[in-house]
Each structure stands twice: as structure tokens, then as C-alpha cells.
Amino acid sequence: MENRKKVLIVDDEQDVVEILSYNLNKANFEVFTAYNGNEAIDSALNNLPDLIIMDVRMPGMTGIEACRMMRGSETLKKTPILFLTADSDEYTSLNALEAGGSHFVTKPIRPSILLSMIKELFKS
């Protein structure tokens, strides 16, 4: 059986999670989902994804706070985290990267372009 890459999608907007999940499943990724920072940490610790795609602004714990906590975990500290957010200001992107994010992409983004970026990420 083929070893599929595991991707955790974290966003408080259900339609975003559904669209990304659909496209990643179709591209043969194993997909896990979460809708806030706390769920993201729990899911990441339980499923040990190869990549986390996470929104910045979510109710409760933000993606940046969740990223900081994940970076403190021995099992998650090297997992790539791609921030996907509607916030395009320099301060937000800098905060996300300083918290340990690997990449920062602004919404909206075509699923095909995001998929291409993810495949490229796994090549390196």
C-alpha cells in the first residue's frame, strides 16, 4: 500500500476546509481537519501530519498561537506549517513566520495553485 502524505487543514470557515479537503483527497493526500487552534494541536499530536495548512484568524486560539505551541512540541517542531489567510499585511505575515510558520499564502488562492505549492514543498 502506498504511503500517502498526511495533511492537516485548519480553518474556522467550513467551506474553505471542504474545498481544500476535496482537492487534497483527490490528489491522494490523507486529510485531517480542525476548525480552531485547540483542535489543530490535538489533531496534529494524534495524527502527526507531514504538513499543516492553517488559517491565522480563528476564534479562541489563533493560528499563530497554535503554531507557537506546536513548535514547542518535540514531535511537531519540524512539521512544515503553511499559513493560508486573508490577512495580507506585513505585520501578520512576519508574526506568522516568526512563530515558526514555514510559508505564508494569502486567500483567495486557487486550489490547483495551492496543490502545486504543496507538491513542491514535499519535493524539497
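Anyway, here's the lowdown on the structure attached to this text. Since this is a predicted model, take the numbers as computed values, not measurements.

## Side note on the overall build of the protein
- Each helix and strand in the protein was counted, giving five helices and five strands.
- Compactness check: the protein gives a C-alpha radius of gyration of 13 Å against a globular reference of 14 Å for 124 residues, within 12% of the reference.
- A fraction of 61% describes how many contacts in the protein between residues 6 or more apart in sequence connect residues 24 or more apart.
- Distance between charge centroids for the protein: 8 Å, based on 13 positive and 18 negative side chains.

## Points about the side chain of T85
- Turning to its location among the elements, T85 is positioned in strand β4 (residues 81-85).
- Residue class for T85 comes out buried when judged on its relative accessible area of 1%.
- For T85, the contacting residues outside a window of four places in its chain are D55, V56, F104, V105, T106 and K107.

## A word on helix α2 (residues 37-47)
- If you check which residues of α2 are buried, you get G37, A40, I41, S43 and A44.
- The elements touched by buried residues of α2 are β1 (6-10), β2 (30-34), β3 (51-54) and α3 (63-71).
- Just past α2, the residue L48 takes up positive phi, approximately 45°.

Conventions adopted
- In this convention, every chain numbers its residues from 1, walking through the sequence in written order.
- Confidence filtering applies because this is a predicted model: local features only for residues at pLDDT of at least 70, side-chain atom pairs given and counted only at 80 or more, and all residues used for totals across whole chains, interfaces and linings.
- In computing side-chain properties, one takes all heavy atoms of the structure into account and sets aside hydrogens as well as water.
- Numbering of helices and strands runs from the N terminus, with a helix taken as a DSSP run of H or I at least four residues long and a strand as a DSSP run of E at least two residues long.
- The globule rule is 2.2 Å times the number of residues to the power 0.38, and the radius of gyration it is compared with is taken over C-alpha atoms.
- Two residues qualify as a contact provided that any one of their heavy atoms is within 4.5 Å of a heavy atom in the partner residue.
- Neither His nor the chain ends contribute to the count of charged residues, in which Lys and Arg are positive and Asp and Glu negative.
- Each charge is placed at NZ for Lys, CZ for Arg, CG for Asp and CD for Glu.
- Each residue gets one of three labels from its accessible area relative to the maximum for its type: buried under 20%, exposed over 50%, partly exposed in between, using a 1.4 Å probe on protein chains only.

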